[in-house]
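Here's the letter readout for the chains.
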Amino acid sequence: MAKTAVAFSNADGGVILLGVSDRGQVMGLALSGDKEIEIHNRLARLIGLGDYQIHRLKAAGRDVAAIGLDRQRDGFVQSSDGQVKERRGASNHTLMGTQLADFIARRFVRAPEATATGAGPDQIDDDLALQLATAWGWNIAGDLDLLMQRLRDSAFLVGTGHNERLSVAGALYLVTDPGTVLGKAYVEVFRYRDDGLDYDRRIEFRGPLQEQVRRAAEFVLDELGFDMATLGVDRHELHRLPHSALREAIANAVAHRSYAATGEAVRIEIRPDRVVVRSPGALPGGVTLTDIAERSVPRNILVIRTLRFFGIAEDAGRGVDLMYRHMALNLMSPPRFAADDASVTVTLRLGSEATPAERAQLAQMLAGGDDASTRPHSVGEREPTDERTSPQDARLLLHAARGRTLTNARARALLGIDVRDSRAALHRLRDRGLLEQHGTDSGTVYSLHSRFSGPEGARTRPRDFVAEVLALSREGPITNTSVRTRTGLDRATAVRILNRLVAEGRLERRGTKRGTHYVRRQGSSGRNRSRRG
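Everything in this summary refers to the structure shown in the same document. Residue positions are counted from 1 within each chain, in the order its sequence is given. The predicted nature of this model means local features are confined to residues of pLDDT at least 70 and side-chain atom pairs, given and counted, to a pLDDT of 80 or more, with totals for whole chains, interfaces and linings taken over all residues. Computation of side-chain values: all heavy atoms of the structure, hydrogens and water removed.

## Comments concerning the overall build of the protein chain
Here is the rule: Only DSSP runs of H or I reaching four residues or more are called helices, and only runs of E reaching two or more are called strands; each is numbered from the N terminus. Throughout, exposure labels follow a simple rule: accessible area from a 1.4 Å probe, protein chains only, divided by the maximum for the residue type, with under 20% read as buried, over 50% as exposed, and the rest as partly exposed. In this description, contact between two residues means that some pair of their heavy atoms is separated by no more than 4.5 Å. A 1.4 Å probe and the Shrake-Rupley method give the accessible areas. Residues count as covered only by the protein chains that appear here.
Within the protein chain one finds 20 helices and 19 strands. Counting all 533 residues of the protein chain, 48% fall into the buried class. When contacts within the protein chain are restricted to residue pairs at least 6 apart in sequence, those whose partners lie at least 24 apart make up 60%. Roughly 26100 Å² of accessible area belongs to the protein chain as shown, and the carbon and sulfur atoms make up 47% of that amount.

Structure below.
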């Protein structure tokens with residue numbers, strides 16, 4: 001009981017039932033005066049324990065006792081012998097070594113987001129407050145006084161009386177434009193044609209934090225365009241970056257940034273071959289670039305926790321791992337991190353070692369089969385929480401989809417793992433019905449399961465984008481945007497095709513800058529003119 005009380009208090013709080021078995025069977029416990037004193041005495045031995053309540057309950061006609069424990073917000077709780085435990089799922093996890101150091105750091109690096117701002121409760125937007133209550137699962141039943149108390153309990157409101165103010169976290173989620181309170185508390189996106197310093201478009205994404213992340217991710221993906229692939233009679237559109245990886249990169253940037261840097265926004269750069277996300281503020285103390293995926297010392301734990309409740313981000317400590325995972329599932333380069341005293345950046349490179357058709361086929365297989373009705377955007381997107389699929393699986397399946405057989409030795413060479421892990425990976429894919437096993441013992445080989453169409457079915461049908469653009473021009477004036485919408489091409493490729501058609505005299509460019517559009521030249525037959533050389 002005492003160990004569980006420590007674990008609950010160091011997590012989100014909880015309830016301990018005495019007189020109920022681990023399987024939920026009501027055994028009964030008579031809570032006499034002496035028994036209650038004994039419980040108090042045992043809990044009194046714990047170091048740092050906060051408020052708790054003991055209640056008598058009736059269940060299945062028997063007496064049971066319930067101990068309600070609040071989350072310890074200041075410091076942490078230890079058992080009488082000095083152990084620190086944290087509740088994870090249905091178990092009490094003892095923290096040791098770097099896990100203990102990270103936990104203590106999280107407890108004492110919460111001050112910035114709980115700092116009072118200049119905004120009072122009168123600046124709270126009612127709709128945003130209700131959205132926050134829903135995300136957190138508060139059952140307020142329309143009671144505004146209860147809602148305000150919940151905001152105080154969770155540190156979205158700090159101070160008392162006339163001095164009550166929104167905290168930094170409160171301003172980020174409860175004010176329609178946090179930038180009016182916190183300076184450049186928004187995301188700005190810059191689009192570049194090349195690796196130079198001059199950008200050709202800049203846009204700001206303001207509003208509550210969850211909307212900043214959603215809208216910025218959607219905008220970047222739209223600007224990047226799609227990779228197109230055809231499987232059988234179905235055409236697939238695949239994001240050029242995995243949506244989950246990009247969204248997590250942006251969520252991490254806004255959640256872990258320093259909000260003391262009021263003159264800087266989270267900055268996203270769209271380059272021809274990469275997307276760069278820059279977050280103001282250095283790495284938190286104790287975290288380095290070498291262990292950024294293993295250690296978690298969030299600067300703003302309430303901020304990222306709320307993003308998770310909105311379904312925008314992973315738990316603290318899992319975001320970086322998710323980025324690596326989804327980039328690897330799409331056979332793309334891993335995220336590259338850089339940091340200095342002023343900022344942390346992550347670079348997500350475009351391009352995959354798999355063709356668009358192969359990515360589409362992998363997505364179908366990993367999503368559960370070759371059903372043509374599934375139209376995944378990128379590998380892993382349909383089951384972002386499915387732990388059955390590992391990046392190693394995607395690499396092995398790509399090898400098999402290209403018509404090659406797999407052996408244990410070949411799997412070891414492809415993945416750089418030992419014989420036990422390679423055998424486990426092959427068997428996992430076999431047991432999921434993705435690979436077929438042929439032979440036994442030393443003669444065992446594996447191939448893509450016969451129910452999949454194999455490399456022939458994954459062949460992309462060639463598309464004549466020039467012809468598609470010319471066909472579109474027959475409908476009237478066209479723009480870069482209308483070409484990208486019709487074809488799914490990225491902006492740079494659309495520009496190249498339009499410039500080529502202008503140079504060949506098949507289209508005429510009119511207007512400048514945002515007013516640029518293209519019309520068919522009079523007398524143009526739409527056929528490619530013969531050229532010498």
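Next comes the rest of the write-up.
## Focus on the sheet that holds strand β1 (residues 14–18)
Backbone-to-backbone hydrogen bonds join strands into a sheet, with any given pair of strands oriented parallel or antiparallel. The criterion, for reference: For two strands to count as paired, DSSP must find a minimum of two bridges between them. Every angle, taken between N-to-C directions, lies between 0 and 180 degrees, and every axis is a line fitted to C-alpha atoms, over only the stretch in contact when it is a helix.
Spatial strand order, β1-β3-β2: three strands in an open sheet with antiparallel pairing. Whereas interior strands pair on both sides, the edge strands pair on one side only; in this sheet they are β1 and β2 (52–59). The average angle at which neighbouring strand axes cross in this sheet is 25°, direction not considered. Where β2 meets strand β3 (residues 62–69), eight bridges bridge the pair, whose relative direction is antiparallel. Along β3, the bridge assignment pairs R56 with A65. The strands that helix α1 (residues 2–9) touches are β1 and β3; relative to β1, the one it contacts most, it runs at about 165°. Sitting on the sheet, helix α2 (residues 33–44) touches β1, β2 and β3, and the angle it makes with β2 is about 140°.

## Details of the packing of helix α10 (residues 243–256) against helix α12 (residues 319–329)
Let me state the cut-off plainly: An angle counts as roughly parallel when it lies under 35 degrees, as roughly antiparallel when it exceeds 145, as roughly perpendicular when it falls between 65 and 115, and as oblique in every other case. Definitions for this section: a left-handed crossing has its near helix turned counterclockwise from the far helix by less than a right angle. A right-handed crossing has that turn clockwise. Amino acid classes used here: Ala, Val, Leu, Ile, Met, Phe, Trp, Tyr, Cys and Pro are nonpolar; Asp, Glu, Lys and Arg are charged; the rest, including Gly, are polar.
Interaxial distance between α10 and α12 falls to 8 Å at its minimum, and their mutual angle equals 155°. Considered as vectors, α10 and α12 are oriented roughly antiparallel to each other. Seen from above, α10 lies across α12 with left-handed handedness. Along the contact surface, α10 presents S244, A245, E248, A249 and N252, while α12 presents G319, L322, M323, H326 and M327. Within the contact of α10 with α12, the residues separate by chemical class into five nonpolar, four polar and one charged.

## Concerning the pairing of strand β5 (residues 91–94)
Two strands pair when backbone bridges link them, and strand β4 (residues 85–88) and β5 are joined in this way by four bridges, in the antiparallel orientation. When the sheet's bridge partners are listed, E86 is paired in β5 with H93. From the end of β4 to the start of β5, which pair antiparallel, there are two residues, and G89 there has a positive phi angle of about 65°.

## Observations concerning the packing of aromatic side chains
Short version of the rule: Under the pairing criterion, centres of Phe, Tyr and Trp rings, with the six-membered ring standing for Trp, must be within 6.5 Å; the plane angle then separates stacked pairs below 30 degrees from edge-to-face pairs above 60, leaving the rest tilted. Criterion for a charge above a ring: Arg CZ or Lys NZ at most 6 Å from the ring centre, at most 35 degrees from the ring normal.
Under the defined criterion, the tally for this structure stands at nine aromatic pairs. Taking the centre distance of 4.8 Å and the plane angle of 75° together, the rings of F190 and Y199 count as edge-to-face. Judged by centre distance (6.1 Å) and plane angle (80°), the rings of Y192 and Y199 are edge-to-face. Taking the relative accessible area as the measure of exposure, Y192 reaches 7% and is therefore buried. Joined through ring pairs, the aromatic side chains of W136, W138, F156, Y173, F309 and F310 make up one cluster. Of note, R271 hangs over the ring of Y192, and the distance from its end group to the ring centre comes to 3.6 Å.

## Looking at the pattern of salt bridges
Heads up, the condition is: Put simply, a salt bridge is a Lys or Arg side-chain nitrogen that is within 4 Å of an Asp or Glu carboxyl oxygen.
On inspection of all chains with the given rule, the structure shows 30 salt bridges. R42 serves as the salt-bridge partner of E38, at 3.2 Å between the closest nitrogen and oxygen. A residue pair is termed a helical-turn pair when its members lie 3 or 4 positions apart in one helix, as E38 and R42 do in helix α2 at four residues. When the shortest N-O distance is used, the salt bridge between E223 and R191 registers 2.7 Å. Taken as a pair, E223 in helix α9 (residues 209–224) and R191 in strand β8 (residues 187–192) lie far apart in primary sequence, 32 residues in all.

## A look at the sheet that holds strand β15 (residues 343–349)
The mixed open sheet is built from six strands, whose spatial order is β9-β8-β12-β13-β15-β14. Looking at which strands have only one partner, the edges of the open sheet turn out to be β9 (199–205) and β14 (336–339). When strand polarity is set aside, the average angle formed by the axes of neighbouring strands in this sheet is 15°. Bridge analysis of strand β13 (residues 274–280) against β15 gives seven bridges, and the strand direction is antiparallel. Its bridge partner lying in β15, V277 is registered against V346. Set on the sheet, α10 makes contact with β8, β12 (266–271), β13 and β15; between it and β13 the angle comes to about 15°.

## Here we look at α1
Most of α1 is tucked away: six of the eight residues are buried. By the burial criterion, the buried members of α1 are T4, A5, V6, A7, F8 and S9.

## Some thoughts on the environment of Q392
Relative to the helices and strands, Q392 resides in helix α14 (residues 391–401). Residues Q392 and L414 lie 22 residues apart in sequence; the distance between their C-alpha atoms is 9.0 Å. Setting aside its immediate chain neighbours within four residues, Q392 contacts L415, I417 and R428.

## Details of the nonpolar core
For soluble globular proteins, the rule of thumb is that nonpolar side chains tend to be buried together. Applicable threshold: We define a nonpolar core as any set of buried Ala, Val, Leu, Ile, Met, Phe, Trp, Tyr and Cys residues linked to one another through side-chain atoms lying within 4.5 Å.
Among the nonpolar cores identified, the biggest contains 64 residues, and L151, F156, L172, Y173, V220, L241 and I268 are the most heavily contacted of them. Beyond its immediate stretch of four places on either side in the chain, L172 contacts P178, L182, A185, P208, L209, Y259 and V303. L366, L434, L435 and L448 belong to the second-largest nonpolar core, a separate cluster that totals 24 residues.

Scope: geometric values only; no functional claims are made or implied.
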